[in-house]
Amino acid sequence: MYPASEHARYIARVIEEVTGARNWAEKLALDLPHPVDTIYLGGGTPSLLEPELFERLFGAIRRDFDVAADAEITVECAPGQLPQATLDAMASAGVNRVSLGVQSFIDKEAHESGRLHGRAIVLDDLRRLRASGISNLNVDLIAGLAGQTFASWDESLGVLLDSGVPHASVYMLEVDEDSRLGRELMAGGARYRAGLVPTDDAIAQMYETAISRLESAGLKQYEISNFAQPGSESRHNLRYWQRRPYLGLGLDASSMLRDREGEFVLRATTTDDLKGYLEGDTARETAWLGPERQVEEAWFLGLRTNAGVDPSELEEEFGTESTADSVGVAEGLVGDGLLTQQEGRFRLTPRGRLISNDIFQEFLAETGHEALGTSG
C-alpha cells in the first residue's frame, strides 16, 4: 500500500478518475457501460485505508455509476491488517466479498516469506468478517514457498478446507528477475532461504494435490488457479477471462473497453509512478486491438478456464478466415496431449495446466505478442 501520509491524496485522485471516466471514454468513442455489477479494490493492502476514505471512494462510485443492488464488491486484505473500524466501514459501503492473501497456514512458512500473520490471526479475521456479514471469502495459497514440504502443504490445505471458505486461489510459485527471491535463486545464493524452494516437479505435485483435495471437498476448479463452491466463482475475475469490459482506476490499473461499433478493443493502463499520479498525471498507455489480436486473447484467456474455448463461437464473432490458423494450433496441441477437444470445445489437459504459459505463447507465435497475465 502507499505511504499512509498519501492515502487521502491518493483516494482524491482516484475519485477524480471516477468522475472523469465518462469524459475520457467519450473522447475516445468508447462504450463505457453505466451499470456496474462488480467492483474490485485491490493492489497493496486497501484495508489500511482510514474508514472515511472508504466512504468517500464508494460514495463517488455510486454517484457516477449505477451499482447493481446485487453487485459483487471485493476488497483484497492482508491478514492481521483489518482494523474493526475499517471492517465496519467496508460493510457499510456494501463490500460483500474479501480476498485474504494468506499464502500459507504454516506460521514459519508465512513469516519467512515476509508475511506478518500466523494461522490464528487468519482464522480470527475470517470469524470477524463473517460476524460483519461478509461470508463470500477467498483465501490465497502458494505452492513452492521456501521450506515447504508435502506434509506442510497438506496441512495448509486441510486448514483451508476446515475454515469453510467458499473460494480458494492456489498459485504455483513463479520466479522472475524482478523479485528478491527470484534474483537470489538465479544467482545460486542462499538469502531469503532460496535454497529451500521446492523443485519444479515438487511444486507441480503440490498443485495437483490441491486440485484433488479441493474438488473432493466441493471447491471445483473453474480456472487454472481458482476453485469455488457452486455459485461462489469470482464474478469480477470472470470478466477478464470472458473478455467482458472493465474500467481500471488508480495507479497501474488496467482497463478493457470496446469502441462503440464493437469492432476494436482498447486496452489502457494508468501510470505506475506514484509521484506523477498524485500530481495529476492522467495519461494512460493504450493499445487498440483489432480482430486478430482479439482472437489471440480469446484463446489464451478462454483456455485459462475449465470451460475452455469453442471455436464455433469465435468464428461467429470474428469469421472463419480470422480463426482458422488458431484452430490449427489448437488441434496440434491436442496431438501433443496438452489440450483436449470434447463436444467442440478445447480445454487444457492436466499436463497442459502445468505449462499453460508456454501453451498460450503458441497462439501468439505468428505475431510475437506476449500473453496477458491475470490474477486469480
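Throughout this description, residue numbers start from 1 for each chain and increase along the sequence as written. Since the coordinates come from a predicted model, pLDDT governs what is reported: local features require at least 70, and pairs of side-chain atoms require 80 or more to be given and counted, while whole-chain, interface and lining totals use all residues. To obtain the side-chain values, all non-hydrogen atoms of the structure were used and water was disregarded.

- The protein goes by Heme chaperone HemW in an unreviewed UniProt entry, where it is assigned to Occallatibacter riparius.
- UniProt positions are given in the numbering used here, feature names are shortened, and annotations may be inferred rather than shown by experiment. Its UniProt record gives the protein a comment under Sequence similarities (unreviewed entry), which states: "Belongs to the anaerobic coproporphyrinogen-III oxidase family. HemW subfamily."
- Of the protein, the UniProt comment under Function (unreviewed entry) reads exactly: "Probably acts as a heme chaperone, transferring heme to an unknown acceptor. Binds one molecule of heme per monomer, possibly covalently. Binds 1 [4Fe-4S] cluster. The cluster is coordinated with 3 cysteines and an exchangeable S-adenosyl-L-methionine."

## Notes on the packing of helix α12 (residues 311–318) against helix α13 (residues 320–335)
Part 1 of the argument: Lines fitted to C-alpha atoms define the axes here, with helix axes fitted over just the stretch in contact, and angles between the N-to-C directions of these axes take values from 0 to 180 degrees. Helix and strand assignments follow DSSP, with helices taken as H or I runs no shorter than four residues and strands as E runs no shorter than two, numbered in order from the N terminus. The N-to-C vectors of α12 and α13 enclose an angle of 150°; their axes lie 8 Å apart at closest approach. With respect to α13, the element α12 is oriented roughly antiparallel. For the pair α12 and α13, the contacting residues are Pro311, Leu314, Glu315 and Phe318 in the first and Thr320, Ser322, Thr323 and Val327 in the second.
Part 2 of the argument: Residue type decides the class: Asp, Glu, Lys and Arg count as charged, Ala, Val, Leu, Ile, Met, Phe, Trp, Tyr, Cys and Pro as nonpolar, and the leftover types, Gly among them, as polar. Residues that form the contact of α12 with α13 fall into these classes: four nonpolar, three polar and one charged. Angles below 35 degrees are treated as roughly parallel, those above 145 as roughly antiparallel, those between 65 and 115 as roughly perpendicular, and all remaining angles as oblique. By the convention used here, residues are in contact when the closest approach between their heavy atoms is within 4.5 Å.

## A closer look at the environment of Val334
Part 1 of the argument: When you line up the elements, Val334 lands in helix α13.
Part 2 of the argument: A relative accessible area of 29% means that Val334 is categorised as partly exposed.
Part 3 of the argument: Between the alpha carbons of Val334 and Phe227 there is a distance of 25 Å; along the sequence they are 107 residues apart.
Part 4 of the argument: With sequence-adjacent residues up to four places away left out, Val334 is seen in contact with Leu339, Thr340, Gln341 and Phe346. Burial here depends on accessible area, computed with a 1.4 Å probe over protein chains only, as a share of the maximum for the residue type. Under 20% is buried, over 50% is exposed, and the range in between is partly exposed.

## Observations concerning the side chain of Glu223
Part 1 of the argument: Positionally, Glu223 belongs in strand β7 (residues 220–223).
Part 2 of the argument: Among the polar contacts listed, one links the side chain of Glu223 to the backbone nitrogen of Ser225, at a separation of 2.8 Å. In the analysis that follows, any N or O atom pair within 3.5 Å is treated as a polar contact, provided that within protein one partner can donate a hydrogen and the other can accept it, and provided that, for residues neighboring in sequence, both atoms belong to side chains.

## Topic: the sheet that holds strand β2 (residues 35–41)
Part 1 of the argument: Strands were regarded as paired on the criterion that DSSP finds at least two bridges between them. Read across the sheet, seven strands follow the order β2-β3-β4-β5-β6-β8-β7 without closing on themselves; strand pairing throughout is mixed. At either margin of the open sheet sits one strand with a lone partner, and together these are β2 and β7. Adjacent strand axes in the sheet meet at a mean angle of 20° when their direction is disregarded.
Part 2 of the argument: Here five bridges tie strand β4 (residues 97–103) to strand β5 (residues 136–143), and the two strands are oriented parallel to one another. The residue of β5 that forms the bridge with Gln103 is Leu141.
Part 3 of the argument: Here helix α5 (residues 119–131) sits on the sheet and contacts β4 and β5; the angle it forms with β4, its principal contact strand, is near 175°.

## Describing a nonpolar patch on the surface
Part 1 of the argument: Where nonpolar side chains cluster on the molecular surface, the patch consists of Leu28, Phe264 and Trp288 and spans about 260 Å² of accessible area.
Part 2 of the argument: By secondary structure assignment, the location of Trp288 is in strand β11 (residues 284–289).
Part 3 of the argument: In this structure Trp288 comes out as partly exposed when scored by relative accessible area, which is 43%. Each patch is assembled from residues with relative accessible area greater than 30% and no salt bridge, linking like charges that lie within 9 Å and nonpolar side chains (Val, Leu, Ile, Met, Phe, Trp, Tyr) that lie within 5 Å. Per-residue and other accessible areas were derived by the Shrake-Rupley procedure at a 1.4 Å probe size, with only the shown protein chains allowed to occlude residues. Each reported salt bridge corresponds to a side-chain nitrogen of Lys or Arg within 4 Å of a carboxyl oxygen of Asp or Glu.

## A short note on the sheet that holds β11
Part 1 of the argument: Strand order in this open sheet of four strands is β1-β9-β10-β11, and the pairing throughout is antiparallel. Two strands bound the open sheet, and with one partner strand each, they are β1 (30–31) and β11.
Part 2 of the argument: Here five bridges tie strand β9 (residues 254–259) to strand β10 (residues 265–270), and the two strands are oriented antiparallel to one another. Its bridge partner being in β10, Ser255 is matched across the sheet by Ala268.
Part 3 of the argument: Each of β9, β10 and β11 is contacted by helix α11 (residues 291–302), which is oriented at about 100° to β11, the strand it contacts most.

## Comments concerning empty space enclosed by the protein
Part 1 of the argument: Lining residues are those with an atom within 4 Å of a point, where the points come from a 1 Å grid over the protein atoms alone and group into cavities, where a 1.4 Å probe fits but cannot get out, or pockets, open sets with protein on both sides within 12 Å along at least five of seven lines. Grid points are joined across faces, edges and corners, and a volume is the space filled by probe spheres set on the points. Per the counting criterion, the structure on display carries one cavity of 30 Å³ or more.
Part 2 of the argument: Lining the largest cavity we find Arg243, Met256, Arg258, Val265, Arg267, Leu289, Gln294 and Glu297.
Part 3 of the argument: Contributions of two or more residues to the lining of the largest cavity are made by β9, β10 and α11.
Part 4 of the argument: In the lining of the largest cavity, the residues fall into three nonpolar, one polar and four charged.

## Concerning the environment of Pro46
Part 1 of the argument: With respect to the element layout, Pro46 can be found in the loop between β2 and α2 (51–64).
Part 2 of the argument: As for Pro46 and Ala78, which are separated by 32 residues in sequence, their C-alpha atoms are 8.6 Å apart.

## Side note on unusual backbone geometry
Part 1 of the argument: For Gln103, which is not glycine, the phi torsion reads 70° and is therefore positive.
Part 2 of the argument: Mapped onto the secondary structure, Gln103 falls in strand β4.

## So, the packing of aromatic side chains
Part 1 of the argument: Only Phe, Tyr and Trp rings take part, Trp by its six-membered ring, and two of them pair if their centres are within 6.5 Å. Stacked means planes under 30 degrees apart, edge-to-face means over 60, and tilted covers everything else. Under the counting rule described, the total for this entry stands at seven aromatic pairs.
Part 2 of the argument: Between Tyr240 and Tyr246, the ring centres sit 4.6 Å apart and the planes meet at 75°, which makes this aromatic pair edge-to-face. Just as Tyr240 is buried, Tyr246 falls in that class too.
Part 3 of the argument: Seen from their ring centres, Phe300 and Phe360 are 6.4 Å apart, and the 40° between their planes marks the pair as tilted.

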